[in-house]
Amino acid sequence: MNRRQKHSLSHFLELAIGLFAIWVLLSGKFEIKFLLIGLFSSLTVSFICMPFLLIKNTETGNTYFLFQVNYLKLVPYCIWVLKEIFKSTLDVSREILKPHIDYVPRIVYFSMPFENPMANVVLANSIILTPGTITIDVMDGGIFEVHAINKTAADDMLSGNMARKVASVFGEKCQFKPLPELEVIDIPEEVPI
């Protein structure tokens, strides 16, 4: 059995065990027939779903399991994101409630080439969840295009904290690089159709 097959088998077993644990927790039944039904169901669902839970990196050809994260780092990351959402909510509220409008929205760019495509998804969605920032695009080479409501939000994005934390969750090296030369400050208020 080669290395790739061992990884697929371990991911299959990981998924089946996780589904079986959920079955046991939700059913609350410990009779043999219920445990066998749960085991059979978990193995069947894992077998059917496994191909859909593998993501291929189109540049390198490597395949990654969707749930291949460090769960001990994922929980603190989720707590950190909730804290950032709260902090950004206060900043955006303060910006909105100012008597005069003096903020300048901008589009910022940074490079964060993740090997695992799921890391791109998590980072892009974490940016969107944080008020005041929206992920516009993730381009080839891991270049992120982000709209920020003001300079504070843009500086937070370009600090690379979020990208470093996502890299840590996925066990990757952080190769974060801000791209200030691409920043767009003069955003037209109306886009011609």
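Look a little higher up for the structure.
The structure reproduced in this document is the subject of the present report. Think of each chain on its own: its residues are numbered from 1, step by step along the sequence as written. Only residues with pLDDT of at least 70 are given local features in this predicted model, and only at 80 or more are side-chain atom pairs given and counted; all residues enter the totals for whole chains, interfaces and linings. In computing side-chain values, all of the structure's heavy atoms are included and hydrogens and water are not.

**Looking at the pairing of strand 5 (residues 143-148)**
Line of reasoning, step 1. Only strands that DSSP links by at least two bridges are regarded as paired with each other. Where helices and strands are cited, they refer to DSSP runs of H or I of at least four residues and of E of at least two residues respectively, numbered from the N terminus. Here six bridges tie strand 3 (residues 106-111) to strand 5, and the two strands are oriented antiparallel to one another. Each bridged residue has a counterpart across the sheet, and for Arg 106 the counterpart in strand 5 is Ala 148.
Line of reasoning, step 2. Inspection of the sheet shows strand 4 (residues 133-139) paired to strand 5 by six bridges, in the antiparallel sense. Its bridge partner lying in strand 5, Asp 137 is registered against Glu 145.
Line of reasoning, step 3. Hairpin connection between strand 4 and strand 5: a loop of three residues separates the two successive antiparallel strands, and Gly 141 in this loop has a positive phi of roughly 85°.

**Here's the deal with the packing of helix 3 (residues 71-97) against helix 6 (residues 161-169)**
How two helices sit against one another is set out by the angle between their axes and by the gap between those axes.
Line of reasoning, step 1. Axis definition: a line fit to C-alpha positions, over the contact stretch in the case of helices; interaxial angles, taken between N-to-C directions, run 0 to 180 degrees. Between helix 3 and helix 6, the shortest axis-to-axis distance is 9 Å and the interhelical angle comes to 155°. Classified by the interaxial angle, the pair formed by helix 3 and helix 6 is roughly antiparallel. Like other packed secondary-structure pairs, helix 3 and helix 6 cross with a definite hand, here left-handed. In this structure, helix 3 contributes Lys 73, Leu 74, Tyr 77 and Trp 80 to the contact, and helix 6 contributes Asn 161, Met 162, Lys 165, Val 166, Ser 168 and Val 169.
Line of reasoning, step 2. Of the residues belonging to the contact of helix 3 with helix 6, the class tally is six nonpolar, two polar and two charged. What sets the label is the angle itself: under 35 degrees gives roughly parallel, over 145 gives roughly antiparallel, 65 to 115 gives roughly perpendicular, and the rest give oblique. Crossing handedness: left-handed means the near helix sits turned counterclockwise from the far one by under a right angle, and right-handed means the same turn made clockwise. By the convention used here, residues are in contact when the closest approach between their heavy atoms is within 4.5 Å. Gly is put with the polar residues, along with every residue not named as nonpolar or charged; the nonpolar set is Ala, Val, Leu, Ile, Met, Phe, Trp, Tyr, Cys and Pro, and the charged set is Asp, Glu, Lys and Arg.

**So, helix 6**
Line of reasoning, step 1. When a residue's accessible area, from a 1.4 Å probe over protein chains only, is under 20% of the maximum for its type it is buried; when over 50% it is exposed; and in between it is partly exposed. For helix 6, the set of buried residues is Met 162, Ala 163, Val 166, Ala 167 and Val 169. The buried residues of helix 6 occupy an angular sector of 160° when projected down its axis, which confines them to one face.
Line of reasoning, step 2. With its phi angle positive at about 65°, Gly 171 sits one or two positions after the end of helix 6. The arc under discussion is defined with respect to the helix axis, by the directions toward the C-beta atoms.

**Observations regarding the sheet that holds strand 5**
Line of reasoning, step 1. Spatial strand order, 4-5-3-6: four strands in an open sheet with antiparallel pairing. Looking at the sheet topology across the chains shown, the edges are occupied by strand 4 and strand 6 (177-178).
Line of reasoning, step 2. Set on the sheet, helix 4 (residues 117-129) makes contact with strand 3, strand 4 and strand 5; between it and strand 4 the angle comes to about 155°.
Line of reasoning, step 3. Across the face of the sheet, helix 5 (residues 151-159) comes into contact with strand 3, strand 4, strand 5 and strand 6 while running at roughly 5° to strand 3.

**With respect to the nonpolar core**
Line of reasoning, step 1. What we call a nonpolar core is a set of buried Ala, Val, Leu, Ile, Met, Phe, Trp, Tyr and Cys residues that are connected through their side-chain atoms within 4.5 Å. One finds Phe 110, Met 112, Leu 123, Ile 127 and Phe 144 to be the most contacted residues of the largest nonpolar core, which totals 29 residues.
Line of reasoning, step 2. Breaking this core down by element, the ones donating at least two residues are helix 3, strand 3, helix 4, strand 5, helix 5 and helix 6.
Line of reasoning, step 3. Those residues within four positions of Ile 127 in sequence are excluded, and the remaining contacts are Phe 110, Thr 133, Ile 134, Thr 135, Phe 144, Val 146, Met 157 and Met 162.
Line of reasoning, step 4. Ranked by size, the runner-up nonpolar core spans five residues in total, among them Phe 12, Met 50, Leu 53 and Phe 65.

**Points about the packing of aromatic side chains**
Line of reasoning, step 1. Pairing of aromatic side chains requires ring centres within 6.5 Å, counting the rings of Phe and Tyr and the six-membered ring of Trp. Pairs whose planes differ by under 30 degrees are stacked, by over 60 edge-to-face, and all others tilted. Within this structure, the stated rule accounts for four aromatic pairs.
Line of reasoning, step 2. Summarising the aromatic geometry, the rings of Phe 110 and Phe 176 are spaced 5.1 Å apart at their centres and angled 40° between planes, so their arrangement reads as tilted. In this pair, Phe 110 sits in strand 3 while Phe 176 sits in the loop between helix 6 and strand 6, placing the two residues 66 residues apart along the sequence.
Line of reasoning, step 3. Looking at Phe 176, the relative accessible area reads 16%, which means it is buried.
Line of reasoning, step 4. Aromatic rings pair up to connect Phe 110, Phe 144 and Phe 176 into one cluster.

**Remarks on empty space enclosed by the protein**
Empty space among the atoms can be located by rolling a probe the size of a water molecule over them.
Line of reasoning, step 1. Whether a set of points on the 1 Å grid over the protein atoms alone is a cavity depends on a 1.4 Å probe fitting there but being unable to get out, while an open set qualifies as a pocket with protein on both sides within 12 Å along at least five of seven lines; lining residues are those with an atom within 4 Å of a point. Grid points are joined across faces, edges and corners, and a volume is the space filled by probe spheres set on the points. Across all of its chains, the model carries one cavity of 30 Å³ or more by this definition.
Line of reasoning, step 2. For the largest cavity, the calculated volume is near 40 Å³.
Line of reasoning, step 3. What lines the largest cavity is Phe 110, Leu 123, Ile 127, Asp 156, Met 157, Ser 159, Gly 160, Asn 161, Met 162, Ala 163 and Phe 176.
Line of reasoning, step 4. Only helix 4, helix 5 and helix 6 provide two or more residues apiece to the lining of the largest cavity.

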